[in-house]
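# Results of the structural survey
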Amino acid sequence: MSGFDKVVGSYEEAMAGLEDNMTVIAGGFGLCGIPENLIREIRRKGTRGLTVVSNNCGTDKYGLGILLVDKQIRKMVASYVGENALFEAQMMSGELEVELTPQGTLAEKMRAGGAGIPAFYTATGYGTPVGEGKEVREFNGRHYILEEAIQGDFSIAKAWKADRYGNLVFRKTARNFNPMAVTAGRIAVVEVEEIVEVGELDPDEIHLPGIYVNRLIQGTFEKNIEQRTVRSA
Amino acid sequence: MALTREQLAQRVAQEFQDGYYINLGIGIPTLAANYIPEGVEVMLQSENGLLGMGPFPREDEVDPDLINAGKQTVTMARGASIFSSADSFAMIRGGHVDLTVLGAFEVDCQGNIASYMIPGKLIKGMGGAMDLVAGADNIIVTMTHASKHGESKLLNECTLPLTGKGCIKRVLTDLALLDIEDGCFILRERAPGVSVEEIVKLTAGKLVVPEQVPEMVFR
């Protein structure tokens, strides 16, 4: 690696430095646009006591769900955690701490974390269990709660294409939380389907500039589907 | 007769206006997309980052990179756009979505809604529901009027943890269409063949019954 070239040679190198009890922010929505190989590398490494911030926690077999098998996650910050029996069991037994966060607030916490905004006011969650214990302020006759930004020791994300400088292009709804997740990690690791030479991407089509990316790797993806719904021809 | 799921979806869709950007929740709200009135163009917002959601794909169109907020494979309509989750909720919180339709366990006459958690049972999370009810001005809640055991879900005060406070103004149940104004439910329409008395009996919250309560018309 030299200069602005973010490409690393292996998944081991991509996740080097990840230690027990760190916070990892992950992109993806359900199983769509998840950094599946980076998650597998965390599984392989066996890092434990992790706080994981992600909209969901995968399923029993795929995505972040595989980190539950050896109880590598201590705390999960997410908006929706259905479809996962292991998750349910560990949550009920108290081995896994869960902080439910409204989806839009979660996205904004990541965005703020990457943008140097320590906290923000939102009407979301006011008067609900989410607002309990949080500062309330009134603006123009409406109540808002103070939500704090999230930053991670690592962030792991998946994009469609990148150039070697880490300029990223996402594809369809696989974009979801990925851009914000990248910005909120101290070490941002991104895996992509294709790495092209610098200059090949039109600057106007880049969704996220490489300044936010620390390590980049090209992988192959299973792209599992949670709810395959089709209409008849 | 109580409305079927399809009739609920059809009645909701009659509220769609030409040029509306609409977010439809999982379940009956999603079904409403099948009953968009003729001559009305709407654009469906899916909070995972898609504006202009199309129908389910044909077998050969299935794309794992293209799903809706219910994690179902979908397609994009003409004129669709894609954006991040942060941009998606900026749209929602910023009040740019014209209509939100979602389900609930309970609603009360103060406009409070409980829809995401039953204590003691499995907790799955609120997803985008809290942001949607906080951000939208125009919300329709679709739900059954009472439980299978005849317990009203339209209350003076929600018993379950709230999803949002004072944000609901319109409820469509399998028995009636009601508005919420000044701390009361107001009965606007009744399902075909359902009497005002039946509705009164199954509404625990404060209810105002105007002189005329027309039957719903399905256009």
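Our subject is the structure listed above.
It should be emphasised that the depicted structure is a prediction, and the values quoted were computed from it without experimental measurement.

## Structural notes on the overall build of chain A
Within chain A, the regular secondary structure consists of five helices and 11 strands. The principal-axis extent of the C-alpha atoms belonging to chain A is close to 50 × 50 × 40 Å. For chain A, with 233 residues in total, the buried portion stands at 55%. Pairs at least 24 residues apart make up 72% of the contacts formed inside chain A by residues separated by at least 6 positions. Total accessible area computed for chain A in this model is approximately 10000 Å², and 45% of it derives from carbon and sulfur atoms. Looking at chain A, you have 26 positive and 32 negative side-chain charges, and the mean spots of the two groups are 2 Å apart.

## Here we look at a nonpolar patch on the surface
All names here are of chain A. On the surface, Phe 4, Tyr 165 and Val 198 cluster together to form a nonpolar patch covering roughly 300 Å² of accessible area. For Val 198, the position within the fold is in the loop between β10 (185-196) and β11 (215-218). Take Val 198: its relative accessible area is 39%, and that puts it in the partly exposed class.

## Structural notes on the interface of chain A and chain B
Between chain A and chain B, the residue contacts involve 50 residues of the former and 46 residues of the latter. A combined buried area of about 4100 Å² lies between chain A and chain B, and 60% of that area is made up of carbon and sulfur atoms. Scanning the region where chain A abuts chain B turns up seven salt bridges. Here Arg 171 of chain A makes a salt bridge to Asp 65 of chain B, at a shortest N to O gap of 2.7 Å. The tally of links between chain A and chain B comes to 25 residue pairs in polar contact (both at pLDDT 80 or more). Looking at the side of chain A that touches chain B, the elements that each hand over two or more residues are α3 (85-92), α4 (103-115) and α5 (178-183) of chain A. Among the elements that line the side of chain A that touches chain B, the one with the most residues is α4 of chain A, at six residues. The residue makeup of the side of chain A that touches chain B, split by class, is 20 nonpolar, 18 polar and 12 charged.

## Considering the sheet that holds strand β9 (residues 154-155) of chain B
One key point about sheets: their strands pair by backbone hydrogen bonds, in either a parallel or an antiparallel sense. Residues and elements named next belong to chain B. As summarised here, the arrangement of the three strands in space is β7-β6-β9, forming an open sheet in which the pairing is mixed. Looking at strand neighbours, the two that pair on one side only are β7 (113-114) and β9, the edges of this open sheet. As paired elements, strand β6 (residues 106-108) and β7 share two bridges and run antiparallel to each other. Each residue of the ladder has a partner; that of Val 107, found in β7, is Ile 113.

## Topic: helix α1 (residues 5-13) of chain B
Within α1 of chain B, burial applies to Leu 8, Ala 9, Arg 11, Val 12 and Ala 13 of chain B. In the core, the buried residues of α1 of chain B are packed alongside α2 (28-31), β5 (99-103), β8 (139-143), β10 (170-173), β11 (176-181) and β12 (184-190) of chain B.

## So, the pairing of strand β5 (residues 119-122) of chain A
Residue and element names in this part refer to chain A. The two faces of β5 differ: Phe 120 and Thr 122 on one face are buried, but Ala 119 and Tyr 121 on the other face are not. Direction of pairing for β5 relative to strand β7 (residues 142-148): antiparallel, over a ladder of four bridges. Looking at the pairing, Tyr 121 lines up with Leu 146 of β7.

## A short note on the side chain of Arg 175 of chain A
Note that Arg 175 of chain A resides in the loop between β9 (168-169) and α5. Buried charge without a partner: Arg 175 of chain A forms no salt bridge, and the closest opposite charge is Asp 87 of chain B, 5.4 Å away. Excluding its chain neighbours within four sequence positions, the residues that come into contact with Arg 175 of chain A are Phe 170 and His 207 of chain A together with Ile 82, Phe 83 and Ser 84 of chain B.

## What to know about the packing of α4 of chain A against helix α3 (residues 85-93) of chain B
Packed helices, taken two at a time, are described by the angle between their axes plus the distance between the axes. At a minimum axis distance of 9 Å, the contact between α4 of chain A and α3 of chain B shows a crossing angle of 125°. Relative to α3 of chain B, the element α4 of chain A lies oblique. Here α4 of chain A and α3 of chain B pass one another in a crossing that is left-handed. For the pair α4 of chain A and α3 of chain B, the contacting residues are Gln 103, Gly 104, Thr 105, Ala 107, Glu 108 and Arg 111 of chain A in the first and Ser 85, Ala 86, Phe 89 and Arg 93 of chain B in the second. Considered class by class, the residues forming the contact of α4 of chain A with α3 of chain B number three nonpolar, four polar and three charged.

## Quick notes on the state of the cysteines
All names here are of chain B. Throughout the structure, instances matching the rule amount to zero disulfides over all chains. Unpaired in terms of disulfides, Cys 158 finds its nearest cysteine sulfur in Cys 109, a separation of 9.2 Å. Looking at the unpaired Cys 167, the closest cysteine sulfur is the one in Cys 158, lying at 9.5 Å.

## Things to note about the sheet that holds β5 of chain B
Residue and element names in this part refer to chain B. One open sheet holds the 10 strands; their spatial order is β4-β3-β2-β1-β5-β8-β10-β11-β12-β13, and the pairing between them is mixed. The open sheet is flanked by β4 (76-82) and β13 (207-208), the only strands paired with a single partner. Sheet analysis places β10 next to β11, joined by three bridges and oriented antiparallel. Bridging across to β11, Val 171 finds its partner in Leu 178. Together, β5, β8, β10, β11 and β12 form the strand contacts of α1, whose direction differs from that of β10 by roughly 150°.

## Overview of unusual backbone geometry
All names here are of chain A. Despite not being glycine, Lys 172 shows a phi value in the positive range, around 45°. In this structure, Lys 172 sits in the loop between β9 and α5. The exposure class assigned to Lys 172 is partly exposed, which follows from its relative accessible area of 26%. The phi dihedral of Lys 223 falls on the positive side, at around 50°, and the residue is not glycine. Mapped onto the secondary structure, Lys 223 falls in the segment after β11.

Rules used in this analysis
Residues numbered from 1 in each chain as written. Chains lettered and ligands numbered in written order. Predicted model: local features only at pLDDT ≥ 70, side-chain atom pairs only at ≥ 80, totals over all residues. Heavy atoms only, no water. Helix = DSSP H or I, 4+ residues; strand = E, 2+ residues; numbered from the N terminus. Buried < 20%, exposed > 50% of the residue type's maximum accessible area, 1.4 Å probe, protein only. Contact = heavy atoms within 4.5 Å. Areas by Shrake-Rupley, 256 points an atom, 1.4 Å probe, with all protein chains shown as cover. Lys, Arg positive; Asp, Glu negative; His and termini not counted. Charge placed at Lys NZ, Arg CZ, Asp CG, Glu CD. Patch = residues over 30% accessible without salt bridge, like charges linked within 9 Å, V, L, I, M, F, W, Y side chains within 5 Å. Salt bridge = Lys/Arg side-chain N within 4 Å of Asp/Glu carboxyl O. Buried area = accessible area lost by both parts, 1.4 Å probe. Polar contact = N/O pair within 3.5 Å; in protein donor to acceptor, adjacent residues only side chain to side chain. Nonpolar A, V, L, I, M, F, W, Y, C, P; charged D, E, K, R; others polar. Pairing = 2+ DSSP bridges. Axes fitted to C-alpha atoms, helices over the stretch in contact; angles between N-to-C directions. Parallel < 35°, antiparallel > 145°, perpendicular 65-115°, else oblique. Left-handed = near helix turned anticlockwise from the far one by under 90°. Disulfide = S-S within 2.5 Å.

Functional significance is not addressed by these values, which are geometric in nature.
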